Amino acid sequence: MKLTDEQVKHIAWLARLAMSQAEIERFKIQLSHILENFDILQQVDTTDVLPATQLSASRNVFREDKAAESYPQQQILANAPNQEENCFKVRAILE
Amino acid sequence: MNDLCELTVREAHQLLQQREISSVELTESTLQRIAQTEDKLHACLTVTHDLALEQAADADACLNEGQGKTLTGVPVLVKDLISTAGIRTTCGSTMLENFVPIYDATVIEKLKAQKAVIIGKTNMDEFAMGSSTEHSAFFPTHNPWDLNRVPGGSSGGSAAAVATNQAIYALGSDTGGSIRQPAGFCSVVGLKPTYGRVSRFGLVAFASSLDQIGPLTKDVADSALVMNIIAGHDPKDSTSARQPVPDYTKHLSRDLKGLRIGIPQEYFVEGMQGEVREALETAIHRLQEIGAAIDRRASLPSTKYALAVYYILAPSEASANLARYDGVKYGFSAVNASSAIDATEKTRQLGFGAEVKRRIMLGTYALSAGYYDAYYLKAQKVRTLIREEFDQAFRELDALVTPTSPTLPFTLGEKLEDPLQMYLSDVCTLPINIAGVPAISVPAGFADGLPVGMQIIGKPFDEETILRIAFAYQQATDWHKRKPPLLSG
């Protein structure tokens, strides 16, 4: 599987990663090389094999819907790059 | 008397209990060792000097009252992706360079309940993605056995630190080999518990179906002692198991009579260095001499697909887990941006390093429309086959033995520009995470002065048997007692 510039840009867009042209070039070669090595999986007959969905034997894990103490607002905001009036500050999403 | 920092957990515990040494003395000894070795090793990202001495004084007060527990007053280093309230937790990334968690991971709560002394946080590949600790955003860690070589990764800081007595033990995390491979490269003991055995609450997520926290220790008995404290169910981690936690030290000294150990042939094929193969053959012979029944017919035919399965599944999960780093609630945030989306994209471009981006890209691709079936779904199906083969093997066998890594520690920079070669360094360890079973790496010899690790793989929730085998092997050898030349030079 050889990736094109356009494909690399599309994946970067889906992953919300800005990318320089040099990065696009490098990832195009490296990712193509890695993906080629994944082709080995096509040799495996997986007819009637169920995908592994979870590893532990437990199924749904329930607990009582009971409110517990949370963290003070100031602590929650302590690592925020930008804050205003006790809120996380974000850029406008709608113009 | 040797430096106190050279003690094991068990020895330190005894001397502390008997009040022959104080936790403050012991802690000062480790801090001094860090100061002596760190300019060559670069194993630590944060050393909590003053806080550690406060904790040590507190532990001494507790010990004076006769209230000491196994880990009371014993200094530990923690991999820097395990949340420590009030102590910077960087994940080896620019993205979290100044991130200070507001809560402790469950394993840290457990250590604190014992009044353990946390002396700092160790270096690692960014977000645990790597096999050499060269992908740390800050600096690479060096292998104490040869400073021109890598310590393995991603828990390379923890492994190098334990090998040089910077701490009495350390915690790491293992998603595809990140405890065991560096333990092998640095000649210490590293245990990856069964998936769900140790709570992952507060462990920064990389690949949630594969991640486990585990101990890196100077010997096998210490591994069992630390497991006694950190294992167990946690309501805050819905994937943690409810199985009762045994006393892992209880059966350590039982002999190996009656135990059947399989040597899966698929782990001894192409790409394996001759020196590693030789060391392993000698180790297997030793296991036989001390009573284990060795079965060389063991076979796990799907092993050759494990690398592809892993490098589809782990990046897929990572691409979802790392979507949270958008520069809004915490972490690095790009300053010059024209819009909300532009800010997110630039934050991620500048905050993540090359290997993390590579994996996010791989995972995003494997999960994207049109490719999901061919990559992600196919990999999940082959994962089922790999797990079934382990189940099948364990119907007749008590454990499996393989090398921990197919090569000796490689030189710094050697595999940095060839991601696939780097990935191959974990070819013996990642099938174990895919299957979710436990495995331990123990020192098993040296070639050209470089350590070789032996991996012992067990049945789900049967850490006891692999610890027992590891302990018996350790009693019959003295590889774990060798000290890196860094300490004599």
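Residues numbered from 1 in each chain as written. Chains lettered and ligands numbered in written order. Predicted model: local features only at pLDDT ≥ 70, side-chain atom pairs only at ≥ 80, totals over all residues. Heavy atoms only, no water.

1. So, the packing of aromatic side chains
All names here are of chain B.
So, step 1. Applying the stated criterion across every chain yields a total of 17 aromatic pairs over all chains.
So, step 2. For the pair Phe 127 and Phe 352, a centre-to-centre distance of 5.9 Å together with 75° between the ring planes defines the contact as edge-to-face. Of this pair, Phe 127 sits in the loop between β3 (117–122) and α5 (156–163) while Phe 352 sits in the loop between α10 (340–351) and α11 (354–367), and the two are 225 residues apart along the sequence. Residues Phe 127 and Phe 352 agree in their burial class; the two are buried.
So, step 3. Considering the side-chain rings of Tyr 310 and Tyr 311, the 4.9 Å spacing of their centres and the 75° angle between planes classify their relative orientation as edge-to-face. (Phe/Tyr/Trp six-rings, centres within 6.5 Å; stacked < 30°, edge-to-face > 60°. Helix = DSSP H or I, 4+ residues; strand = E, 2+ residues; numbered from the N terminus. Buried < 20%, exposed > 50% of the residue type's maximum accessible area, 1.4 Å probe, protein only.)

2. What to know about the interface of chain B and chain A
So, step 1. If you look at the interface, chain B gives 64 residues, while chain A gives 53 residues.
So, step 2. Interface area for chain B against chain A, summed over the two sides, is near 5000 Å², with a carbon-plus-sulfur share of 68%.
So, step 3. Note that Glu23(A) and Lys357(B) form a salt bridge whose closest N and O atoms lie 2.7 Å from each other.
So, step 4. Between chain B and chain A we count 16 residue pairs in polar contact (both at pLDDT 80 or more) in total.
So, step 5. At the level of elements, α9 (306–321), α10, α11, α12 (373–396), α13 (419–424) and α14 (430–435) of chain B are the ones that each hand at least two residues to the side of chain B that touches chain A.
So, step 6. Partitioned by chemical class, the residues of the side of chain B that touches chain A number 36 nonpolar, 16 polar and 12 charged. (Contact = heavy atoms within 4.5 Å. Buried area = accessible area lost by both parts, 1.4 Å probe. Salt bridge = Lys/Arg side-chain N within 4 Å of Asp/Glu carboxyl O. Polar contact = N/O pair within 3.5 Å; in protein donor to acceptor, adjacent residues only side chain to side chain. Nonpolar A, V, L, I, M, F, W, Y, C, P; charged D, E, K, R; others polar.)

3. What about α11(B)?
So, step 1. The end-to-end C-alpha distance of α11(B), which contains 14 residues, comes to 20 Å, matching closely the 20 Å that a straight helix rising 1.5 Å per residue would cover.
So, step 2. Taken across its 14 residues, α11(B) has 12 buried, putting it largely inside the fold.
So, step 3. Looking at α11(B), one finds that the buried residues are Glu355(B), Val356(B), Lys357(B), Arg358(B), Arg359(B), Ile360(B), Met361(B), Leu362(B), Gly363(B), Thr364(B), Tyr365(B) and Ala366(B).
So, step 4. Along its buried surface, α11(B) packs onto α1 (5–14) and α2 (21–38) of chain A together with α9, α10, α12 and α13 of chain B. (Expected span 1.5 Å × (residues − 1).)

4. Some remarks on the packing of α9(B) against α12(B)
All names here are of chain B.
So, step 1. One can describe the packing of α9 onto α12 by two numbers: an axis separation of 9 Å at closest approach and a directional angle of 125°. Classified by the angle their axes make, α9 and α12 are oblique. Taken as a pair, α9 and α12 cross one another with a handedness that is left-handed. Where α9 approaches α12, its residues Ala 306, Val 309, Ile 312, Leu 313, Ser 316 and Glu 317 are matched on the opposing element by Tyr 375, Tyr 376, Ala 379, Gln 380, Val 382, Arg 383 and Ile 386. (Axes fitted to C-alpha atoms, helices over the stretch in contact; angles between N-to-C directions. Parallel < 35°, antiparallel > 145°, perpendicular 65-115°, else oblique. Left-handed = near helix turned anticlockwise from the far one by under 90°.)

5. Remarks on the nonpolar core
Residues and elements named next belong to chain B.
So, step 1. Grouped together as the largest cluster of nonpolar side chains are 144 residues, with contacts concentrated most on Ile 82, Phe 127, Tyr 169, Phe 390, Met 454 and Ile 456.
So, step 2. Counting residues per element, this core draws most heavily on α9, at 10 residues.
So, step 3. Not counting chain neighbours up to four residues away, the residues in contact with Phe 390 comprise Tyr 267, Leu 300, Leu 400, Pro 431, Ile 432, Ala 435 and Ile 457.
So, step 4. Grouped together as the second largest cluster of nonpolar side chains are 24 residues, Cys 44, Val 117, Val 162 and Leu 486 included. (Core = buried A, V, L, I, M, F, W, Y, C linked by side-chain atoms within 4.5 Å.)

6. Some remarks on the layout of surface pockets
So, step 1. The volume enclosed by the largest pocket comes to roughly 640 Å³.
So, step 2. Considering the residues around the largest pocket, the lining is formed by 23 residues, among which Val269(B), Glu270(B), Leu307(B), Leu424(B) and Val427(B) are closest to the centre.
So, step 3. Mapped by element, the contributors of at least two residues to the lining of the largest pocket are α2 of chain A together with α9 and α13 of chain B.
So, step 4. Broken down by element, the residue count for the lining of the largest pocket peaks at three residues, all from α13(B).
So, step 5. Residues belonging to the lining of the largest pocket are distributed by class as follows: 13 nonpolar, six polar and four charged.
So, step 6. If you add up the space inside the second largest pocket, you get close to 490 Å³.
So, step 7. Forming the boundary of the second largest pocket are 25 residues, of which Thr8(B), Lys218(B), Asp219(B), His480(B) and Lys481(B) lie nearest the centre.
So, step 8. The set of elements that each furnish at least two residues to the lining of the second largest pocket consists of α1 (9–17), α5 and α15 (463–476) of chain B.
So, step 9. A per-class count over the lining of the second largest pocket returns eight nonpolar, nine polar and eight charged. (1 Å grid on protein atoms, 1.4 Å probe; cavity = no way out; pocket = protein on both sides within 12 Å on 5 of 7 lines; lining within 4 Å. Points joined across faces, edges and corners; volume = space filled by probe spheres on them.)

7. Considering empty space enclosed by the protein
Residues and elements named next belong to chain B.
So, step 1. Scanning the model with the defined rule gives three cavities of 30 Å³ or more in all.
So, step 2. One number sums up the size of the largest cavity: a volume of about 40 Å³.
So, step 3. If you trace the largest cavity, you find it lined by Ala 128, Met 129, Gly 130, Ser 131, Gly 176, Ser 178, Phe 206, Tyr 310, Tyr 311, Arg 359 and Asp 426.
So, step 4. When its residues are assigned to classes, the lining of the largest cavity shows five nonpolar, four polar and two charged.

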